[in-house]
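# Residue-level structure breakdown
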Amino acid sequence: MVMVWTVEDRLAAGHGRITCSLNGVSVVFSELSSTYPLKLLSPRLAHNDVAIVYVMNYGGGLVCGDRIKLQVRAEGGSRLLLLSQGSTKVFKVRSPNRLSAHLGNPTDCNPLENNATTQLMDVHVAPTSAVGFYLSKGASMVLLDWFTSGRKSLGEEWVFSRYFSVNEVNVDGRRIAKDIMLLEEPLHDDTVIGTRWPSSRRSLSDRLKPYSCYATLIVCGPLVHGVVAQLKDKLRSLSVLAMVAPPRVLWGMTPADDGNIFVIRVAGLETEDVKDWLRESLRPLEEVVGINTYRKAFT
């Protein structure tokens, strides 16, 4: 057999494609490909009704000039966990020019099969990221986007100049949620003649402390009803009291699109505080992906 690769089949640097579907009771990949600096690994699981793909990069992080674009298609009935293996470090930008990110146009996507989901992820080092999800009616999704203050042991606590993140969710071609996060250090350029900066312009560190880890969790679809019900019960049990010290974990939940999708924001004094809260709050997903598979998301 002679394989002929077309220009369309070849992946540009930093690009990746994942396509999986349900074959009987097993999730199988028809495509799992990537190019440097992106690396995709899918370990074998004891149960084949769920698949895992680890999104990795060489050298333990992203450097100036790296651009990652990943397209994921989970076709009808398949269940896919897309995970990072540990934290992804973003190293300092050497160029003063800022990079921008662009979300793909939903109309550029082909019609999806029943209960299918497609993800387009475009990540730039600034750091800037943009992630778009295009779901069919009846599909379920759990999206976790979180970041830390940096390597505190090295004095890198909220010292970056800018962080920009966009997460957009579409169902049957209709956008039902778009979450934008912008963190930017105020510019204090005393060399500009006539410029008087107001004293209220606090630094990024002052605005984000005492918490060192922030997370945005977006859930939708029938398979997350257990998670939503558990979080609603937690909210009802919370009491509003004056606190002498900030709680170790602060969180809130907001419904959107008439309750079809929920956005949860979490802040923690330490990364482990947020991780423990997520592990407990998402525990109903054990019944969806299996206990052992669920544990892999938090190891």
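Quick caveat, the model's predicted, so the values are computed rather than measured.

### Quick notes on the confidence of the model for the protein chain
Chain-level statistics for the protein chain give a pLDDT mean of 82 and a share of 77% at 70 or above. In the model, residues 1-7 has pLDDT below 50 throughout and makes two contacts with residues more than four positions away in sequence or in other chains. The low-confidence segment residues 95-114 (pLDDT under 50) makes 39 contacts with residues lying over four places distant or belonging to another chain.

### Side note on the sheet that holds strand E14 (residues 213-220)
Pairing is antiparallel across the open sheet formed by four strands, whose spatial order is E11-E14-E16-E15. Looking at which strands have only one partner, the edges of the open sheet turn out to be strand E11 (141-148) and strand E15 (249-256). Averaged over all neighbouring strand pairs, the angle between strand axes comes to 10°, with direction disregarded. Taken together, the eight bridges between E15 and strand E16 (residues 261-268) define a ladder with antiparallel strand orientation. Residue Leu250 lies in a different strand from E16, and its bridge partner there is Ala267. On top of the sheet, helix H2 (residues 225-237) reaches E14, E15 and E16; it is set at about 120° to E15, its chief contact. Running at roughly 170° to E11, helix H3 (residues 271-281) makes contact with E11, E14, E15 and E16 of the sheet.

### Looking at unusual backbone geometry
Each neighbour pair has its own omega, and for Tyr36 with Pro37 the value is 10°, a cis peptide bond. Checked against the element boundaries, Pro37 lands in the loop between strand E2 (26-34) and strand E3 (38-41). A cis amide bond links Lys209 to the next residue, Pro210, at an omega of 10°. Summarising the element assignment, Pro210 is placed in the loop between helix H1 (204-208) and E14. Positive phi outside glycine occurs at Asp172, with the angle close to 50°. Structurally, Asp172 is set in the loop between strand E12 (162-171) and strand E13 (174-184). Here Asp172 falls in the exposed class, since its relative accessible area comes to 53%. In this structure, Asp257 is a non-glycine residue whose phi angle is positive, near 55°. Locating Asp257 in the fold gives a position in the loop between E15 and E16.

Parameters at a glance
Residues numbered from 1 in each chain as written. Predicted model: local features only at pLDDT ≥ 70, side-chain atom pairs only at ≥ 80, totals over all residues. Heavy atoms only, no water. pLDDT = per-residue confidence, 0-100. Contact = heavy atoms within 4.5 Å. Pairing = 2+ DSSP bridges. Helix = DSSP H or I, 4+ residues; strand = E, 2+ residues; numbered from the N terminus. Axes fitted to C-alpha atoms, helices over the stretch in contact; angles between N-to-C directions. Buried < 20%, exposed > 50% of the residue type's maximum accessible area, 1.4 Å probe, protein only.

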